[in-house]
Amino acid sequence: SQQGEEDPQALSIQEGENATMNCSYKTSINNLQWYRQNSGRGLVHLILIRSNEREKHSGRLRVTLDTSKKSSSLLITASRAADTASYFCATDKGQGGKLIFGQGTELSVKP
Amino acid sequence: EAGVAQSPRYKIIEKRQSVAFWCNPISGHATLYWYQQILGQGPKLLIQFQNNGVVDDSQLPKDRFSAERLKGVDSTLKIQPAKLEDSAVYLCASSLDGTVTYEQYFGPGTRLTVT
């Protein structure tokens, strides 16, 4: 079963704009991870935020986590055409590394 | 370092036939995962190995799917017999140690089409 629900399902923006994707989940977690998947390729890990953290940065990525609302957001600043991909949140409930993925947000960045 | 290798990249079979996928994880990674990703959905965990032991196979359809990880390195996933609904991308991933929190590294996947 899917734990995370991503919103929006699809997002189209112009190069240079910011992109925000949201993820909601149902049960308590140990950590939440974001992955990127380019068309026809495997997933690439972007960032991990632990349940006791509220915000984390990595380059142009900013992730927030609100455990009281069971939600997370991924912000990509100054987007580039190369950021075009599907983005998935995945929750880890501390069960030996098992991840449960959401449905994903399909991001299209137009040059 | 070399990434997770998978083969074949593409496979087309008829329903009721059998198929096998192979995965070679990153060297030294103790934990290996097989996921099924249906078009338009996120990956769903099928089975997780810690070294050569099964940690979680709760979502593996055991009447038709089987997997093994010999010597705690390479792994194969088999489907016998295949059904139309098995059409999906099968992803293999590995992590340094699944008993603590580590990011997972994914292979390119095998796209299976069952006709």
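Residues numbered from 1 in each chain as written. Chains lettered and ligands numbered in written order. Predicted model: local features only at pLDDT ≥ 70, side-chain atom pairs only at ≥ 80, totals over all residues. Heavy atoms only, no water.

### Quick word on the overall build of chain B
Part 1 of the argument: A tally of helices and strands in chain B yields 0 helices and 11 strands.
Part 2 of the argument: Its helices and strands in sequence order give chain B the pattern β-β-β-β-β-β-β-β-β-β-β, from N to C terminus.
Part 3 of the argument: Here the C-alpha radius of gyration of chain B, 13 Å, is about what a compact globule of 115 residues would show, namely 13 Å.
Part 4 of the argument: Along the first, second and third principal axes, the C-alpha set of chain B runs to 40 × 25 × 25 Å.
Part 5 of the argument: In chain B, of all internal contacts separated by at least 6 residues, the share reaching a separation of at least 24 is 54%.
Part 6 of the argument: A total of about 5,600 Å² of accessible surface is found on chain B, and carbon and sulfur atoms cover 51% of it.
Part 7 of the argument: Side chains of chain B carry 12 positive and 11 negative charges; the gap between the two charge centres is 8 Å. (Helix = DSSP H or I, 4+ residues; strand = E, 2+ residues; numbered from the N terminus. Rg over C-alpha atoms; globule rule 2.2 N^0.38 Å. Contact = heavy atoms within 4.5 Å. Areas by Shrake-Rupley, 256 points an atom, 1.4 Å probe, with all protein chains shown as cover. Lys, Arg positive; Asp, Glu negative; His and termini not counted. Charge placed at Lys NZ, Arg CZ, Asp CG, Glu CD.)

### Focus on the overall build of chain A
Part 1 of the argument: Along chain A, the regular secondary structure elements total 0 helices and 11 strands.
Part 2 of the argument: Scaling as 2.2 N^0.38, a compact globule of 111 residues should have a C-alpha radius of gyration of about 13 Å, and chain A matches this with 13 Å.
Part 3 of the argument: Seen along its three principal axes, the alpha-carbon backbone of chain A occupies a region of about 40 × 30 × 20 Å.
Part 4 of the argument: Split into buried and exposed, the 111 residues of chain A put 46% on the buried side.
Part 5 of the argument: Sequence-distant contacts, at least 24 apart, represent 55% of the contacts inside chain A between residues at least 6 apart.
Part 6 of the argument: Here chain A displays about 5,200 Å² of accessible surface, and carbon together with sulfur accounts for 43% of that area.
Part 7 of the argument: Of the side-chain charges in chain A, 14 are positive and 11 negative, and the distance between the mean point of each set is 5 Å. (Buried < 20%, exposed > 50% of the residue type's maximum accessible area, 1.4 Å probe, protein only.)

### Regarding the sheet that holds strand E8 (residues 75-79) of chain B
Residue and element names in this part refer to chain B.
Part 1 of the argument: Pairing within the open sheet is antiparallel, and its 4 strands lie in the order E1-E3-E8-E7. Every interior strand has two partners, whereas the edge strands, strand E1 (5-7) and strand E7 (65-68), have only one. On average, each strand axis in the sheet is inclined to that of its neighbour by 15°, with strand direction left out of account.
Part 2 of the argument: Sheet topology note: the strand E3 (residues 19-24)/E8 ladder contains 5 bridges and is antiparallel. Looking across to E8, one finds that Cys 23 is bridged to Ser 75. (Pairing = 2+ DSSP bridges. Axes fitted to C-alpha atoms, helices over the stretch in contact; angles between N-to-C directions.)

### Re the state of the cysteines
Part 1 of the argument: Taken as a whole and judged by the stated rule, the model has 2 disulfides over all chains.
Part 2 of the argument: Across a sulfur-sulfur distance of 2.0 Å, Cys 23 of chain A and Cys 89 of chain A are joined as a disulfide pair. Here Cys 23 of chain A and Cys 89 of chain A share a disulfide; its torsion about the S-S bond, 65°, makes the bridge right-handed. Of this pair, Cys 23 of chain A sits in strand E3 (residues 19-24) while Cys 89 of chain A sits in strand E9 (residues 85-92), and the two are 66 residues apart along the sequence.
Part 3 of the argument: Each sulfur of the disulfide joining Cys 23 of chain B and Cys 92 of chain B lies 1.9 Å from the other. On the sign convention where negative is left-handed, the bridge of Cys 23 of chain B and Cys 92 of chain B, at about -70° about the S-S bond, is left-handed. (Disulfide = S-S within 2.5 Å.)

### With respect to the side chain of Thr 64 of chain A
Part 1 of the argument: Tracing the chain through its elements places Thr 64 of chain A in strand E7 (residues 61-66).
Part 2 of the argument: Within polar-contact distance, the side chain of Thr 64 of chain A engages the side chain of Ser 73 of chain A at 2.6 Å. (Polar contact = N/O pair within 3.5 Å; in protein donor to acceptor, adjacent residues only side chain to side chain.)

### Observations regarding the pattern of salt bridges
Part 1 of the argument: Per the stated rule, a full pass over the model turns up 6 salt bridges over all chains.
Part 2 of the argument: Among the salt bridges present, the one from Glu 55 of chain A reaches Arg 62 of chain A, with a minimum N-O distance of 3.0 Å.
Part 3 of the argument: For the salt bridge of Asp 86 of chain B with Arg 64 of chain B, the shortest nitrogen-to-oxygen distance reads 2.5 Å. You can see Asp 86 of chain B sitting in the loop between E8 and strand E9 (88-95) and its partner Arg 64 of chain B sitting in the loop between strand E6 (53-56) and E7, a full 22 residues away along the chain. Here Asp 86 of chain B and Arg 64 of chain B have matching classes, each one buried. (Salt bridge = Lys/Arg side-chain N within 4 Å of Asp/Glu carboxyl O.)

So, to be careful, I would describe these as geometric facts and stop short of saying anything about function.
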